[in-house]
Amino acid sequence: MAAAPAPAPAPRGALCRLLLTLAILTCACDACKTVTLHVPSQLDAEKFVGRVNLKECLKSADRIHSSDADFQVLEDGSVYTTNAVLFSSEKRHFTISLSNLQNHEDKKIHVLLEHHTKALKRSHPEEKVLRRAKRRWAPIPCSMMENSLGPFPLFLQQIQSDTAQNYTIYYSISGPGVDQVPLNLFYVERNTGNLFCTGPVDREQYDSFEIVAFAATPDGYHPEFPLPLVIRIEDENDNYPIFTNSTYIFTIAEHSRVGSTVGQVCAIDKDEPGTLHTQLKYSILQQLPASPTLFFMNPTTGVITTTTSQLDRELLDKYQLKIKVQDMNGQPFGLQTTATCIIYIEDVNDHLPTFTRSSYVASVEENTVDVEILRVSVEDKDLINTANWRATYTILKGNENGHFKIVTDPKTNEGVLCVVKPLNYEERQQLTLQIGVVNEAPYYRETISRSAMSTATITVNVKNQDEGPECAPPVQTVRIKENAPVNTKSNGYKAYNPDTKSSSDIRYKKINDPKGWITVDENTGSIKTFRNLDREAESIRNGVYNVTILATDKVGRTCTGTLGIILEDVNDNGPVIPKKTAVICKPTMSSTELVAFDPDDPMNGPPFSFRLEEDSDSDAQRMWGLTKINDTAARLFNQNDAPFGPYTVRVRVTDRHGLSHTTPLSVIICDCITEDDCSLRGAPRTGTGEFRLGKWAILAILLGIALLFCILFTLVCGATGAARKPKALPDDVTQQNLIVSNTEAPGDDRVYSANGFTTHTVGSAGPGACGPVGSGLIHGGQEAIEMVKGHQTLDSCRWPGQHHTLETCGAGRVEVDTGRCTHSEWRSFTQPRLGEKVQLCNQDDSHGHAQDYVLPYRYEGQGSVAGSVGCCSDRQEEDGLDFLDHLEPKFRTLAEACVKR
């Protein structure tokens, strides 16, 4: 039996790979799984190689170390070259050591770098794989580096189907990057399933491609479902972070506290979010001026804050910062961009205004007003023309009388001192003012004492003027008795020279003496009575008589004053009763009140005593009596039941010192309710007096006569107009008589007849139907119908669509009976006609009327004793208004009740 042939020696390359794998596995007792990265043949320094998932090996690593100095591993597992690397062989490996110092745990990750110098050898369809460990037709993770340098076409991976063991399989792909935009970026070898990329890809444009792979036999049979395949584009740090603004401008108030926010800057990076490529770090590169360092920038948020509270606008009002943003969390090989930040220091009121001088001197002439006498200036380091700089001045002391005011000049910020109230040299020759100054805006420190206010002193010297005489006080008084004899002397008015305080060389003259009672001495100003003085004169008020005096000095300057002469009262007037006529209304009142008045001073007046004076031809003591009410009033009453009429009563009134005066009074006893009622109605002429009608009574009589003439004129005109138009008689008299009546029973409504014409309805619209002889008078919207007897028959005469009135038919004259119709005649005339109309009114289709249409009414009688009280009742036989004095008892009782109330 032939021996089995010896196995062929393994190729040298395969043996090397096997030994390398065994070596790695031998020393990987604590090693995690090996990571394979595909790289080009040449890598530049600081070039991204790939990413390793460190957390799968060790969740928390305090130290990360690479065994190969040409490669650096960052916290997120990104692998970067530290130097330029040129691959001389197809593979290169290194180890990543991970350490957790707290748990004393160490792990290692082996990284294998592969470089493909040529494409994989195409397999032939006849080659068969004897054994497969897993399914080869499934989604396979695939990625490629953006902006890859090739060489192209760049092998990505191989897709295979297990059905290739039994069939000849052709592979194809479709989707974005194949037959969709971008076209022809990827292709697959038909026989082998090797997937290649034809050129570089920008991740910021396409972050992944979702293509579909197909496996089919030559005859078109698809033994596999379409395979979705995602090709992820690995990010490369190829985009610089960019600030949103090239220049930032912020403002911060001076003396702000440490840590106060100035502003915030912001930058954006187009690289893949969540990676070190977009992890930005902010910093301040330079500050101008450089010293001292005043600002700090948060490296993560870009917020700029203050590091000191010593910002002073008065030292420097602007700072400029050069700021930087860098990706890769600020790693030295990260991409960076710079910008400019300008910070303005805002002014606050941190400097109080101070006077340039501590004391000032000013002068002003006396008697001047509204003049500027001094300007004061201050110094303030705050920003000019702001509330922190503008000054507000105040007078603190020395202006208690309000002679001065100080205001601010808005242009120069100076304080302007003015005189607003005239000064008097003779009273004060020098004044001292203390002034203070603050800013319009409050001081930036909340607690500031009053002593911090800047103050200054102003000395004001008052200059003397050559003034004229001064009449002070302007009103002076003297006292003289009113019964003083003529030529009585008294002190008069005195003026003086304010400079010398003397009254010499001053001349006096009166310029107003209303009654010419006094004379004035030209040299001394004393007065002398020229006539008798009367305190009770008409123009005297409160017992003072005023005289105006003019004082003139030797130069001719003048002043004017008033001399008030107080007239001391003398009891020279007896008390009198001002009211000369008194009315006593019977029976409502039996007395009248008398009030006396004394023009003298109260010390010469009340209390008064009252007494009746008897005449030779009257017995006043028997008829009248007096009772005292108070010090100035008494009550006069009639002791007997005297008849109505006027009487004369003499009453003597005496003051407290016995001076008296007799007043004759005219007392009227009247049948009235009030005194005014007596004057309107008049009183019967009884007794010795004579009584006349008052003006209101005469006016009422005249108005009544005018009203009667107007009514008569209206009736005559209406009758004349109706007589000119002949009208036919109505066919139905009852229809014309159905009008509203304002009387409930036959009363005193009468037919007005004048010159043979009967009255007609007022306000009828155009010609109407003729009716029986009579009248229908309308008063206030209601009608009063009056039936009269005549000799003509009642026939129908009507024009359609018009109102109807009761008028005579034809031109003949109707004889009218002025007597009223009796109730029986009125009933017999209207009852049958009303019945006919009721039957015709308010009928429905069945000729039946409503249940409540016909209502019975009863006759209420012939009237009362008082008769009609209508305002328009006929009173042809009474032309005057005397009937008002003789009304029935009911009206007099009503009037008395109203007066008592």
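Model, not experiment: these values are computed from the prediction. (Residues numbered from 1 in each chain as written. Predicted model: local features only at pLDDT ≥ 70, side-chain atom pairs only at ≥ 80, totals over all residues. Heavy atoms only, no water.)

Caption draft 1: Representation of the overall build of the chain. Broken down by element type, the chain carries seven helices and 52 strands. Here the chain holds 901 residues, and 37% of them are scored as buried. Taking all contacts inside the chain whose residues are at least 6 apart in sequence as the whole, residues at least 24 apart take part in 67%. (Helix = DSSP H or I, 4+ residues; strand = E, 2+ residues; numbered from the N terminus. Buried < 20%, exposed > 50% of the residue type's maximum accessible area, 1.4 Å probe, protein only. Contact = heavy atoms within 4.5 Å.)

Caption draft 2: View of the state of the cysteines. Applying the stated criterion across every chain, the model contains three disulfides. The residue that forms a disulfide with Cys32 is Cys57, at a sulfur-sulfur distance of 1.8 Å. Linking Cys32 and Cys57, the disulfide has an S-S dihedral of approximately 75° and is accordingly described as right-handed. Of this pair, Cys32 sits in the loop between helix H1 (12-26) and strand E1 (35-38) while Cys57 sits in the loop between strand E3 (48-51) and strand E4 (63-66); the two residues are 25 residues apart in sequence, bridging distant segments of the chain. Relative accessible area serves as the criterion here: at 11%, Cys57 is assigned to the buried category. A sulfur-sulfur separation of 2.0 Å characterises the disulfide bridge that pairs Cys471 with Cys559. One disulfide, between Cys471 and Cys559, carries an S-S torsion of 75° and so falls in the right-handed class. Of the two residues, Cys471 sits in the loop between strand E34 (454-463) and strand E35 (475-481) while Cys559 sits in strand E41 (residues 558-568), which places them 88 residues apart along the sequence. Take Cys471: its relative accessible area is 12%, and that puts it in the buried class. Lacking any disulfide linkage, Cys197 is separated from the closest cysteine sulfur, that of Cys142, by 9.4 Å. (Disulfide = S-S within 2.5 Å.)

Caption draft 3: Representation of the environment of Gly415 in the model. Considering the arrangement of structural elements, one finds Gly415 in strand E32 (residues 415-419). Since its relative accessible area comes to 1%, Gly415 is described here as buried. For the pair Gly415 and Val437, spaced 22 residues apart in sequence, the C-alpha separation works out to 8.9 Å. Ignoring any residue separated from it by four or fewer positions in sequence, one finds Gly415 in contact with Leu374, Arg375, Val376, Tyr393, Ile406 and Val407.

Caption draft 4: Layout of a nonpolar patch on the surface. There is a patch of nonpolar side chains on the surface, built from Ile698, Ile701, Leu702, Ile705 and Phe709 and spanning about 470 Å² of accessible area. By secondary structure assignment, the location of Ile701 is in helix H4 (residues 695-723). Given a relative accessible area of 33%, Ile701 falls into the partly exposed group. (Patch = residues over 30% accessible without salt bridge, like charges linked within 9 Å, V, L, I, M, F, W, Y side chains within 5 Å. Areas by Shrake-Rupley, 256 points an atom, 1.4 Å probe, with all protein chains shown as cover. Salt bridge = Lys/Arg side-chain N within 4 Å of Asp/Glu carboxyl O.)

Caption draft 5: Summary view of the sheet that holds strand E38 (residues 518-520). Spatially, three strands are ordered E36-E39-E38 in an open sheet, and the strand pairing comes out antiparallel. Unpaired on one side and paired on the other, strand E36 (489-490) and E38 mark the two borders of the sheet. (Pairing = 2+ DSSP bridges.)

Caption draft 6: Local environment of the pairing of strand E46 (residues 633-638). Two strands pair when backbone bridges link them, and strand E43 (residues 591-595) and E46 are joined in this way by five bridges, in the antiparallel orientation. Bridging from a neighbouring strand, Glu593 pairs with Arg635 of E46. Across five bridges, the pairing between strand E45 (residues 624-628) and E46 is antiparallel. Bridge pairing links Thr627 to Arg635 in E46. Connecting E45 to the next strand, E46, in antiparallel fashion are four residues.

Caption draft 7: Main features of the sheet that holds strand E16 (residues 227-234). Strand order in the open sheet made by the four strands is E10-E16-E15-E12, with mixed pairing throughout. Each edge of the open sheet carries a strand with a single partner, namely strand E10 (142-145) and strand E12 (170-174). For this sheet, the mean inter-axis angle between neighbouring strands, taken without regard to orientation, is 30°. Across four bridges, E10 lies against E16 in parallel orientation. By the bridge assignment for E16, Met144 is matched with Ile233. (Axes fitted to C-alpha atoms, helices over the stretch in contact; angles between N-to-C directions.)

Caption draft 8: Quick look at unusual backbone geometry. Residue Pro182 follows Val181 across a cis peptide bond; omega there is -5°. Positionally, Pro182 belongs in the loop between E12 and strand E13 (186-188). Leu288 connects to Pro289 through a cis peptide bond whose omega is -10°. Within the fold, Pro289 resides in the loop between strand E21 (281-288) and strand E22 (295-297). Of note in this structure, Asn487 is not a glycine but carries a positive phi near 75°. Locating Asn487 in the fold gives a position in the loop between E35 and E36.

Caption draft 9: Highlighting the nonpolar core. Residues Phe355, Ile373, Val376, Phe404, Leu417 and Ile458 are the most contacted members of the largest nonpolar core, which totals 24 residues. Secondary-structure elements contributing two or more residues to this core are strand E27 (359-365), strand E28 (371-376), strand E30 (391-397), strand E31 (404-408), E32, strand E33 (430-439) and E34. Not counting chain neighbours up to four residues away, the residues in contact with Phe355 comprise Tyr360, Val376, Ser377, Val378, Tyr393, Ile435, Gly436, Val437, Ser454, Thr455 and Ala456. (Core = buried A, V, L, I, M, F, W, Y, C linked by side-chain atoms within 4.5 Å.)

Caption draft 10: The arrangement of the side chain of Asn424 in detail. The topology assignment puts Asn424 in the loop between E32 and E33. A polar side-chain atom of Asn424 sits 3.0 Å from the main-chain amide nitrogen of Glu426. Ignoring anything within four residues of it in the chain, the contact list for Asn424 reads Glu366 and Val462. (Polar contact = N/O pair within 3.5 Å; in protein donor to acceptor, adjacent residues only side chain to side chain.)

Caption draft 11: Spatial organisation of the packing of aromatic side chains. All chains considered together, the criterion is met by 16 aromatic pairs. A ring pair is formed by Tyr80 and Phe333, whose centres lie 5.2 Å apart and whose planes are at 35°; its orientation type is tilted. Placement of the pair is Tyr80 in strand E6 (residues 78-81) and Phe333 in the loop between strand E24 (318-326) and strand E25 (336-346), with a sequence separation of 253 residues. With a relative accessible area of 3%, Tyr80 lands in the buried category. Ring plane angle 70° and centroid distance 5.1 Å describe the contact between Phe186 and Phe209, whose orientation is recorded as edge-to-face. Of the two residues, Phe186 sits in strand E13 while Phe209 sits in strand E15 (residues 208-216), which places them 23 residues apart along the sequence. Pair check on accessibility: Phe186 and Phe209 agree, each one buried. (Phe/Tyr/Trp six-rings, centres within 6.5 Å; stacked < 30°, edge-to-face > 60°.)

Caption draft 12: Fine view of the pattern of salt bridges. One pass over the structure, following the stated rule, counts 20 salt bridges. In this structure, Arg375 and Glu414 form a salt bridge, with 2.9 Å as the shortest nitrogen-oxygen distance. Of the two residues, Arg375 sits in strand E28 while Glu414 sits in the loop between E31 and E32, which places them 39 residues apart along the sequence. For Arg375, a relative accessible area of 35% puts it in the partly exposed group. For Arg557, the salt bridge goes to Asp553, with nearest N and O atoms at 3.2 Å. The exposure class of Arg557 is partly exposed, given its relative accessible area of 27%. Linked through salt bridges whose partners overlap, the residues forming this network are Arg51, Arg232, Glu234 and Glu272.

Caption draft 13: Looking closely at the confidence of the model for the chain. For the chain, the mean per-residue pLDDT works out to 76, and 71% of the residues sit at or above 70. Contacts from residues 725-820, a stretch scored under 50 in pLDDT, to residues over four places away or in other chains number 191 contacts. (pLDDT = per-residue confidence, 0-100.)

Caption draft 14: Fine view of the environment of Asp409. Residue placement: Asp409 occurs in the loop between E31 and E32. By relative accessible area, Asp409 is classed as buried at 16%. Expressed as a C-alpha distance, the spacing of Asp409 and Ala391, which sit 18 residues apart in the sequence, is 9.1 Å. Beyond its immediate sequence surroundings of up to four residues, Asp409 is in contact with Arg375, Glu414 and Val416. Among the polar contacts listed, one links the side chain of Asp409 to the side chain of Arg375, at a separation of 2.9 Å. Polar contacts involving the side chain of Asp409 include one to the side chain of Thr412, which spans 3.5 Å.

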